Amino acid sequence: MNDLIPLSVEEIQKGLSKKDFSAEELTCSYLDNIRKEEPRICAFLSVFEKSAIKEAKKIDKALKDEKREAGILEGVPIAIKDNILIKGEKATAGSKILEPYIASYDAFVIERLRNAGAIFLGKTNCDEFAMGSSCENSAFGPTKNPHDTERVPGGSSGGSAAAIGVQETPVALGSDTGGSIRQPASFCGVVGLKPTYGAVSRNGLIAMASSLDQIGPLARNVRDAEILFNIISGKDAKDSTSQKIIQKELKEKKFIIGIPKEYFVSGISADVEKSVKKAIKDLEDAGHTIKEINLPHTAYALACYYIIMPAEASSNLARFDGMRYGLSKKEKNLISMYKESRSQGFGTEVRRRILLGTYVLSSGYYEAYYERAQKVRTLIRNDFKSAFNDVDLIATPVAPTTAFKIGEKVNDPLAMYLEDVYTVPISLAGLPAISIPCGKSENLPIGLQIIGKPFCEQDLFDIGKQYEKIRGDI
Amino acid sequence: MSDFNKKEIEHLAELARMHLDKGEGKSLGKDVDAILGYVGKLSKLDVSNISPTTHSAELSNVMRNDDASKLRKKAENLIEQFPLLEKGYLKVKSVFHHE
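Conventions used here
- Residues numbered from 1 in each chain as written.
- Chains lettered and ligands numbered in written order.
- Predicted model: local features only at pLDDT ≥ 70, side-chain atom pairs only at ≥ 80, totals over all residues.
- Heavy atoms only, no water.
- Axes fitted to C-alpha atoms, helices over the stretch in contact; angles between N-to-C directions.
- Helix = DSSP H or I, 4+ residues; strand = E, 2+ residues; numbered from the N terminus.
- Parallel < 35°, antiparallel > 145°, perpendicular 65-115°, else oblique.
- Left-handed = near helix turned anticlockwise from the far one by under 90°.
- Contact = heavy atoms within 4.5 Å.
- Nonpolar A, V, L, I, M, F, W, Y, C, P; charged D, E, K, R; others polar.
- Phe/Tyr/Trp six-rings, centres within 6.5 Å; stacked < 30°, edge-to-face > 60°.
- Buried < 20%, exposed > 50% of the residue type's maximum accessible area, 1.4 Å probe, protein only.
- Expected span 1.5 Å × (residues − 1).
- Arc of directions from axis to C-beta.
- 1 Å grid on protein atoms, 1.4 Å probe; cavity = no way out; pocket = protein on both sides within 12 Å on 5 of 7 lines; lining within 4 Å.
- Points joined across faces, edges and corners; volume = space filled by probe spheres on them.
- Buried area = accessible area lost by both parts, 1.4 Å probe.
- Salt bridge = Lys/Arg side-chain N within 4 Å of Asp/Glu carboxyl O.
- Polar contact = N/O pair within 3.5 Å; in protein donor to acceptor, adjacent residues only side chain to side chain.
- Core = buried A, V, L, I, M, F, W, Y, C linked by side-chain atoms within 4.5 Å.
- Pairing = 2+ DSSP bridges.

Undergrad: What exactly am I supposed to notice about the packing of helix H7 (residues 222-232) of chain A against helix H15 (residues 457-471) of chain A here?
TA: Between two packed helices, both the angle of their axes relative to each other and the distance between the axes serve to describe the pair. Residue and element names in this part refer to chain A. At a minimum axis separation of 9 Å, H7 and H15 run at an interaxial angle of 160°. Taken together, the axis directions place H7 and H15 in an arrangement best described as roughly antiparallel. Read as a crossing pair, H7 and H15 show a hand that is left-handed. Contacts between H7 and H15 pair Val-222, Arg-223, Ala-225, Glu-226, Phe-229 and Asn-230 from the former with Glu-457, Gln-458, Phe-461, Gly-464, Lys-465 and Glu-468 from the latter. Here the contact of H7 with H15 is composed, by residue class, of four nonpolar, three polar and five charged.

Undergrad: What should I look at first to understand the packing of aromatic side chains in this one?
TA: Here a ring pair, both rings aromatic, is described through the centre-centre distance and the interplanar angle of the planes. Residues and elements named next belong to chain A. Under the counting rule described, the total for this entry stands at 13 aromatic pairs over all chains. Between Phe-129 and Phe-346, the aromatic rings sit 5.9 Å apart at their centres with planes inclined by 70°, giving edge-to-face as the arrangement. A residue pair is termed long-range when its members are at least 10 positions apart, and Phe-129 in the loop between strand E3 (119-124) and helix H5 (158-165) and Phe-346 in the loop between helix H10 (334-345) and helix H11 (348-361) qualify at 217 residues. The class for Phe-129 is buried, based on a relative accessible area of 2%. Between Phe-229 and Phe-461 the ring centres are 5.7 Å apart and the planes differ by 55°, which places this aromatic pair in the tilted class.

Undergrad: Looking at this structure, I do not really get helix H3 (residues 49-65) of chain A. What am I missing?
TA: Given 3.6 residues per turn, any residue in an α-helix points the same way as the ones three and four places further on. Residues and elements named next belong to chain A. The first and last C-alpha atoms of H3 sit 24 Å apart over 17 residues, in line with the 24 Å expected at 1.5 Å per residue. Every buried residue of H3 is accounted for by Ala-52, Ala-56, Ile-59, Asp-60, Ala-62 and Leu-63. On an axial view of H3, the arc spanned by its buried residues comes to 165°, and they lie on one face. Away from its buried face, by an angle of more than 90 degrees, H3 presents the exposed residues Lys-50, Lys-54, Lys-61 and Lys-64. Check the buried side of H3 and you find it contacts helix H1 (9-17), helix H2 (23-41) and E3. Immediately downstream of H3, the backbone of Lys-67 shows phi near 45°, a positive value.

Undergrad: Looking at this model, I keep getting lost on the layout of surface pockets. Mind explaining?
TA: Remark: the empty space left among the atoms is shown by a probe the size of a water molecule rolled over them. All names here are of chain A. One number sums up the size of the largest pocket: a volume of about 690 Å³. As for the largest pocket, its lining consists of 23 residues, of which Leu-85, Tyr-105, Leu-205, Arg-319 and Tyr-325 are closest to the centre. For the lining of the largest pocket, the residue count by class is twelve nonpolar, four polar and seven charged. At the level of secondary structure, the elements contributing two or more residues to the lining of the second largest pocket comprise H5, H7, strand E10 (433-441) and H15.

Undergrad: How should I be thinking about the interface of chain A and chain B in this particular structure?
TA: Bring the parts together and some accessible area is lost; that lost area is often taken as the interface size. Of the residues lining the interface, 66 residues belong to chain A; the matching set on chain B comes to 54 residues. Between chain A and chain B lies a buried interface of about 5,400 Å² when both sides are counted; carbon and sulfur atoms form 67% of it. Counting the contacts that link chain A with chain B gives three salt bridges. In this structure, Glu-14 of chain B and Lys-339 of chain A form a salt bridge, with 2.8 Å as the shortest nitrogen-oxygen distance. Here chain A and chain B share 17 residue pairs in polar contact (both at pLDDT 80 or more) between them. Elements with a contribution of two residues or more to the side of chain A that touches chain B: helix H9 (298-316), H10, H11, helix H12 (367-387), helix H13 (413-417) and helix H14 (424-429) of chain A. In terms of residue count, the dominant contributor to the side of chain A that touches chain B is H12 of chain A (eleven residues).

Undergrad: Would you explain the nonpolar core in this entry?
TA: What tends to happen in soluble globular proteins is that the nonpolar side chains get buried as a cluster. Residues and elements named next belong to chain A. Within the largest apolar cluster, 169 residues are counted, with the highest numbers of intra-cluster contacts made by Val-109, Leu-113, Phe-129, Leu-173 and Phe-384. Top element by residues in this core is H9. It accounts for twelve residues. Not counting residues within four places of it along the chain, the set of residues in contact with Phe-384 comprises Tyr-263, Leu-295, Ile-394, Pro-425, Ile-426, Ala-429, Leu-431 and Ile-451.

Undergrad: Teacher, can you tell me more about the sheet that holds strand E11 (residues 444-451) of chain A here?
TA: In a beta sheet, neighbouring strands are held together by backbone hydrogen bonds and run either parallel or antiparallel to one another. Residues and elements named next belong to chain A. Strands sit in the order E1-E3-E2-E4-E6-E5-E10-E11-E9-E7-E8 across an open sheet of eleven strands; the sheet is mixed. Taken across any chain shown, the strands that pair with only one partner, and hence form the sheet edges, are strand E1 (44-47) and strand E8 (289-293). The sheet shows a mean angle of 30° between the axes of neighbouring strands, taken without regard to direction. As defined by bridge partners, E10 adjoins E11 across eight bridges and the pair is classed as antiparallel. Bridge assignment links Lys-440 to a residue of E11, and that residue is Pro-445. Here helix H8 (residues 270-285) sits on the sheet in contact with strand E7 (256-260), E8, strand E9 (393-397), E10 and E11, set at roughly 50° to E11.

Undergrad: Would you take a moment to explain the pattern of salt bridges for this structure?
TA: Side-chain pairs of opposite charge can arise whenever the charged atoms involved come near each other. Residues and elements named next belong to chain A. Going through the model one piece at a time under the given rule, you end up with 31 salt bridges over all chains. Between Asp-20 and Lys-18 there is a salt bridge, with the nearest N and O atoms lying 3.9 Å from each other. Comparing Asp-20 with Lys-18 shows no difference in burial state: the two are exposed. Residues Glu-55 and Lys-58 are paired through a salt bridge, measuring 3.3 Å at the closest nitrogen-oxygen approach. Placement of the pair is Glu-55 and Lys-58 together in helix H3, with a separation of three residues, close to one helical turn. Assessed through its relative accessible area of 31%, Glu-55 is described here as partly exposed.

Undergrad: When you look at the packing of H11 of chain A against helix H1 (residues 6-15) of chain B in this model, what are you seeing that I'm missing?
TA: The geometry of H11 of chain A relative to H1 of chain B is characterised by a closest axis approach of 9 Å and an angle of 95° between their N-to-C directions. Accordingly, the angle class assigned to the pair H11 of chain A and H1 of chain B is roughly perpendicular. Only Ile-9, Leu-12, Ala-13 and Leu-15 of chain B of H1 of chain B make contact with H11 of chain A, whose side of the interface consists of Leu-355, Thr-358 and Tyr-359 of chain A. Broken down by class, the residue content of the contact of H11 of chain A with H1 of chain B amounts to six nonpolar, one polar and no charged.

Below, the structure written as structure tokens:
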């Protein structure tokens, strides 16, 4: 590994400003690593070797000509999950139905990153349409966990998490609907943030469940994730749910941290429980106040999620009809063209969720399923609202287990869905949450999840950075 | 909870404009049935006085300027993606047909 690879975003900025190295050298170091690791890890669906080097050269020239220091993300290589659009590049979202598709515009977050001078290394693998917790549902083959290539990297942003874990990129973007940033971050031993619903524009993100989807950063440390979040967040006229965020600078605040006892029940592995409890104890020893809290409707969150998400996904995926873009099968009439394109284009898990969503939205079942789930969603939100009257933050595990074996859960959808048991309640409530590595079990990383109040990402960064200092290197 | 028979799952597939491979109706029916069995636990909760949450952003009536002209170039980029194109129009199979 070369000297430039371990550098943090701020160290990159310093190095580029002082001309210790060039953006081209940095980009080439990562491209070399990608070439070396990809046969083993399969984190990328496409790599932009030429355009990345071209952009890096442009930055080197601009810094030299304009005799100035580098901007915070200028020259920093980044990998992008393949369900986020970069103009002129493929955006498959891990699906065959989008294999022929070339993005016709930049997502809002890509525009922001481009303006900041970030260098796009390529697009990362994910479960098809972000539906999965293991990356095994990608139509283009699974990504492997860098800590054990017989295991999954988590999902759906598994490509982004694995790419950081194996040093193919310093930072990446993912998307999280029910845990798709946090769980792979936990499995790959990296930091991942799911922002508050509305903190980051969804414009240019291929939609799965629109009331839940959020784009967020993955990084090696909390500070890098914070820098990325500050660039991509904020109001965008093209996403009416996005909101202006008021940033407040926090420095080592002492927090009151709630521990929900419903998150430490049967199903959690002993090592995960031990690691997370140790992290909580460490925070207490550092002067934070720990308080036991109740989130009484936790046991209903996963059931609620597995009605709302497929309902929204089945509606969103109705746009893939073979008619306007993507895979299109030539058939004798319109209906069979729809059916043939959708049947050949969508994989099994996507079809499973479309059928489920179609069912819960059909007349006669709507009230019993979808409407009831929306009401339960209110109860889950209220649980968090009342808990946050007494505490600043809530700490839990990210996932009940460490990375599982490839193939272990792929034929048992319910077992796979249980992977999301600690992450979906937060998504339903629209809250921000960060996943931070807090230990290992037999060389496999474990993640600590810290949940904040709406639009209080700064609290998560502050506690995260404090925790990293206590924890030290893993 | 309803047991999904072959006919019901095929009806759902029809509604969702998909067809199922041989044997797939049975396995997907079994999966959907198991998932519905699991999510059925919500019926234990009393939600009679609870209003539904459609999304968590506390916003209403978000407006923007009607500036369609700015989208012109973007529209051209979208048209380029049409699988079948004739004189700048999207071409599809006839909607009405005789079997």
